[in-house]
Amino acid sequence: MTFLLLCPNCGPRAVEEFITTGEVTVRPTAAPSRRELSRYIYFRTNAAGSQREWWYHRHGCELWFLAERDTRTNEVLGTELPPATRPEAG
Amino acid sequence: MTRLPPRATERLDRSQTVAFTFEGRTVQGYAGDTIGSALYAAGQRIFSRSFKYHRPRGLLCCSGHCPNCMMTVDDVPNVRVCAEPLREGAAVRAQNVIGSLERDLLSVVDRVAGPFMPPGFYYKTFIRPRRFWPLYEKLLRGAAGLGRVDPHAERTGRFDTEDRRVDTLVVGGGRDGLKASIAAASGGESVALVDENPEVGGSLLLSETGVSQARKLCEQARRAGVDVLASARAIGLYEGKLVPVDCGELLIRFRAERVIVVAGTAEQPLVFPGNDLVGVVLPQAARRLVNHWAVRPAESAVVITADDTGLEAVEDLQAAGTKIVAVVDLRQREPRAIAARGRRGAVTAVEIDGQRLACDLVVASGSPQPNYALLAHAGAKVEHDPARGVFIPTELPAGVESVGAAAGLIGAPAVPAASYEPARRRPGKSFVCLCEDQTTKDLKLAINEGFDSIELSKRYTTVTMGPCQGRLCHLNSIRTYAAETASSEASIGTTTARPPWAPVSLQLLAGRAHEPARRTALHHRHREHGAEMIWTGEWRRPYSYGDPAGEAAVVHDAVGLIDVSTLGKILVAGPEAAAFLERIYPNRFGNMEEGRIRYGVLTSDAGRIMDDGTLARLSPNEYYVTTTSTGAEGVIEWFEWWNATWQHDVEIINVTSALAAVNIAGPSSRELLGRLTDLDVTAEGFRYLDAKRAYVAGIPSLLLRIGFVGELGYEVHFPSPYAVDFWNTVLERGADLGVDVFGLEAQRILRLEKAHIIIGQDTDSESNLLEASMPWILKLDKDDFVGRWSTEHVDRRGLMTRLVGFEMDAAQLPLEGGQIVENGRIVGRVTSVRRSEAVGRTIGLAWVPAESAQEGAEIDIQVDGRPAPATVTLKPFYDAEGERLRA
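Thresholds, definitions, all that
Residues numbered from 1 in each chain as written. Chains lettered and ligands numbered in written order. Predicted model: local features only at pLDDT ≥ 70, side-chain atom pairs only at ≥ 80, totals over all residues. Heavy atoms only, no water. Axes fitted to C-alpha atoms, helices over the stretch in contact; angles between N-to-C directions. Helix = DSSP H or I, 4+ residues; strand = E, 2+ residues; numbered from the N terminus. Parallel < 35°, antiparallel > 145°, perpendicular 65-115°, else oblique. Left-handed = near helix turned anticlockwise from the far one by under 90°. Contact = heavy atoms within 4.5 Å. Nonpolar A, V, L, I, M, F, W, Y, C, P; charged D, E, K, R; others polar. pLDDT = per-residue confidence, 0-100. Salt bridge = Lys/Arg side-chain N within 4 Å of Asp/Glu carboxyl O. Expected span 1.5 Å × (residues − 1). Buried < 20%, exposed > 50% of the residue type's maximum accessible area, 1.4 Å probe, protein only. Pairing = 2+ DSSP bridges.

Asker: Which parts of the structure should I look at to understand the packing of helix α10 (residues 440-448) of chain B against helix α12 (residues 474-485) of chain B?
Answerer: Describing two packed helices takes the angle between their axes plus the distance from one axis to the other. Residues and elements named next belong to chain B. Remark: α10 packs on α12, axes separated minimally by 10 Å, with the N-to-C direction vectors making an angle of 55°. As judged from the angle between their axes, α10 and α12 are oblique. Regarding α10 and α12, the two cross each other, and that crossing is right-handed. Side by side, α10 and α12 meet where Leu 443, Lys 444, Ala 446 and Ile 447 of the first sit next to Ser 477, Thr 480, Tyr 481, Glu 484 and Thr 485 of the second. Class assignment for the residues of the contact of α10 with α12 results in four nonpolar, three polar and two charged.

Right under this line is the structure:
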């Protein structure tokens, strides 16, 4: 992994400056069943292709953002700030 | 040191002699020599002994590609001396020999064991009896191989890494590379050009007219703004067009928009019996010896070549006074059989179709193979060109280009045969791979044994896996395969090219010698106190000041002082700070009064314990959060990550380094603190778990009355620059109270007496709140929080294991990590254990089966291999009711 990643704040930077927590997961909105819970915590799509991921500019501006990356080629198709949707109360 | 008359192309400065030692003898060369050229000029012909058979080997490529001239220079093994600049006083030694290069005792292998050492020989032969393998391995490793690495070697210089960005990077500084760089720079691009040789110009430097042309081009490139770097070897082309360049003691990591590979070609040996004899060389070797170092390579030579490079060598050899016995141009006449003959490993004649030609040099070269490795690293495909018998790069990825010979512009060389072995008699070994001593016979055997794919065969025979990394054997091994299996080279294909393209020293990759350490503002005071410093994560902390048990006693009896600046400190502030913390912690924080403190534990959504610390509510919208010493960055990332989704109106600010923190603990701490502040420090005025702001010793501070070490105590947080002043003042004003400093080990004893856990020591990545005996953290009467569902799941399935305290006879001391045993079975483990003077027993924490987690339960813990009895307790060992803490 030596590709360049476009930080929404800092522009293109070497990937070593970042960490990733992997693909974006969808957290259940209400109390999940055991199966739903284990699917959410342990199962990943592990796509061979385009994947939406979390990235963090650890050795830089310390921003969390989303990237669309092709896992086969490491081509970064785009990066963006997390959507500004307000959470529900609580 | 006999040299030819001065030549325009030579690199020597004849006014300056350089002395070095070779096998203990003093040898002289000139400035501008390589170690190899100086040795050759001094008459040395055998440069190494081969990997397996210990056959004598001499200079072959003279370009730093092949394994034939590897020696140990100043204790650095495997230096290719043909390319290593000569330096005064260098100590050069032969390697992989017993005796000398001329009389190597291990060469007996070549005569005796040769026919019995096919590929896989070691593994086929040395499997019985099995228990002897370690002995066999030791002997074999000693007999076969390369130089020895000194495990205690020091770095040989100062190494560093540099990052550079350019529009265009040109790899290779021959004529085409220089021209490409000039074109790019003239178009306004920022351009760097790297070349592995000490001077740019490539093969131009081998002729008088070429030298002046090369210097002109180089000058033109510099004027156009090209950054021309010689002695700079590109070792790979990675994704993102990252090209690390080895400049000796500096590794430059180039990032370029465009990389142009102009790496030229590698001359390929011909395969015939005796093709490894000393004196069988590639044209470059002969040409460099004559032109760069003014050495006559031999008295008489036979030249066999597939293209013009051999003819150019003929001219140079003639100019040097070497008699040319015969020239065989494969484009005009292809012999059926070639065999080199020699005495004591050095060539004396070559037989071509039965005709014996006496000579002491055979210049032999097949078609030149484009150096496509860097292009292949970048993802280019490689295609076989049957007309020229070489592999040509195609389908270059975007932003990667190639020009010149590396791109395949190599003219029309003849396609040599896979081998020129005489049909009947076997006059000797025909080597395909010099690095690993693999012959045509070995490859044929591998095919017959079923290793018919080139990738499998490579791993079995190790062809292409030696020091040359296939530069001189890849093409020939594929030709041998194609001929033997009666298929085409194209169908055999190539093996994968991987970086590094050339050997890199590990010290260069390691870079600058430094170990990042974090020190608190009190670091030097601790050293003055005589502290023994240890690592805790990145932090340096005092383990003790000499007497951990005594330090703990001071805290119990008087008052102690510990630097806790390493605690992570985070300000969480904003209108939704409370809502945010309620959501990320299992505890409740929204209902806390201003000026109060609560212990908090973070869990992941899988219910696993991640970190702990205290949270003080400074104002309705402002919390001061502390984390473990190593957890600060991780907790902040965790907070920020969740809030990237939640988007609560809250600021998360890391103040870890901005603030120092000192814990003043012990029964006299109230008295001492009272002397330093106007604050009401009475038991009623400053209660347990109160947070207050005040001036302490004249320093603006935040005081937290908490008790990790189990005695009345105050954690004082204040701006780091005041730390030394604060520390000195407290020690001075508390002298009559018996105040003293205590270190990490004393703190570990004290907290264990209170059964306070340390995250990461007593818990691991599997631990959850319920089994770690902290159910009171969990507040299920609030809405969703991170980790809720999984913790509820643990509750439903029931607890299987529990973290509990245990105590045992003070004479026993189990290991941390020691086993809890039950009927000879391991059922748990000890996580912390100490002898406590205050308790008078050995105390500890351990994971035990849930059914043993009862007050007074008897368990057995392994001590010195024997079970020893211990008693479970669910209460703190010291001050169980917390009266001292709350005093």
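Asker: Sorry if this is basic, but what is going on with the confidence of the model for chain B here?
Answerer: Regions with low pLDDT should not have their predicted coordinates read in detail. When the pLDDT values of chain B are averaged, the result is 93; 98% of them are 70 or greater. Across the predicted assembly, pTM comes out at 0.85 and ipTM at 0.95.

Asker: Looking at this model, I keep getting lost on the pattern of salt bridges. Mind explaining?
Answerer: When the charged atoms of two side chains with opposite charge come close together, those side chains can pair. Taken as a whole, this structure holds 56 salt bridges over all chains when the rule is applied. Measuring nitrogen to oxygen at the nearest pair gives 2.7 Å for the salt bridge that ties Glu 53 of chain A to Arg 69 of chain A. Taken together, the residues Glu 53 of chain A in strand β4 (residues 50-56) and Arg 69 of chain A in strand β5 (residues 64-70) connect sequence positions 16 residues apart. In this structure, Asp 764 of chain B engages Arg 829 of chain B in a salt bridge whose closest nitrogen and oxygen atoms are separated by 2.8 Å. Placement of Asp 764 of chain B in the loop between α21 (744-753) and α22 (788-797) and of Arg 829 of chain B in strand β43 (residues 825-836) is noted, with a sequence separation of 65 residues between them.

Asker: Would you mind showing me how to read helix α8 (residues 308-319) of chain B here?
Answerer: The periodicity of an α-helix, 3.6 residues per turn, causes residues three or four places apart in sequence to face the same way. All names here are of chain B. Compared with the 16 Å implied by 1.5 Å per residue over 12 residues, the 17 Å span of α8 between its first and last C-alpha is a close match. Three or more residues of α8 are buried, namely Gly 310, Ala 313, Val 314, Asp 316 and Leu 317. In the core, the buried residues of α8 are packed alongside α7 (283-291), β16 (300-305), β17 (323-329) and β21 (361-365). With its phi angle positive at about 90°, Gly 321 sits one or two positions after the end of α8.

Asker: Explain the sheet that holds strand β5 (residues 70-73) of chain B to me, please; I cannot follow it from the model alone.
Answerer: Hydrogen bonding along the main chain pairs the strands of a sheet, whether they run parallel or antiparallel. Residues and elements named next belong to chain B. Here five strands make up an open sheet; going across it, the order is β2-β1-β7-β5-β6 and the pairing mixed. Edge strands, defined here as strands with exactly one partner in the open sheet, are β2 (25-31) and β6 (76-80). Taking the axes of each pair of neighbouring strands and ignoring which way they run, one obtains an average angle of 40° across the sheet. Direction of pairing for β5 relative to β6: antiparallel, over a ladder of three bridges. Considered in β6, the bridge of Met 71 is made with Val 79.

Asker: When you look at the environment of Thr 614 of chain B in this model, what are you seeing that I'm missing?
Answerer: Residue and element names in this part refer to chain B. Inspection of the secondary structure puts Thr 614 in strand β33 (residues 609-619). Using a relative accessible area of 13% as the deciding quantity, one classes Thr 614 as buried. Filtering out sequence-adjacent residues up to four positions away, Thr 614 remains in contact with Ile 597, Arg 598, Tyr 599, Tyr 624, Val 625, Thr 626, Leu 704 and Ile 706.

Asker: Even after reading the chapter, I still don't get the pairing of strand β36 (residues 659-665) of chain B, so can you show me in this structure?
Answerer: All names here are of chain B. Counted residue by residue, β36 has seven buried out of seven residues, so it is predominantly covered. Residues Leu 659, Ala 661, Asn 663 and Ala 665 line one face of β36 and the alternating positions Ala 660, Val 662 and Ile 664 line the opposite face, and both faces are buried. Taken together, the four bridges between strand β30 (residues 560-563) and β36 define a ladder with antiparallel strand orientation. Bridge pairing in β36 links Asp 563 to Val 662. Across seven bridges, β36 lies against strand β39 (residues 713-719) in antiparallel orientation. Opposite Ala 665, over in β39, you have Gly 713 as the bridge partner.

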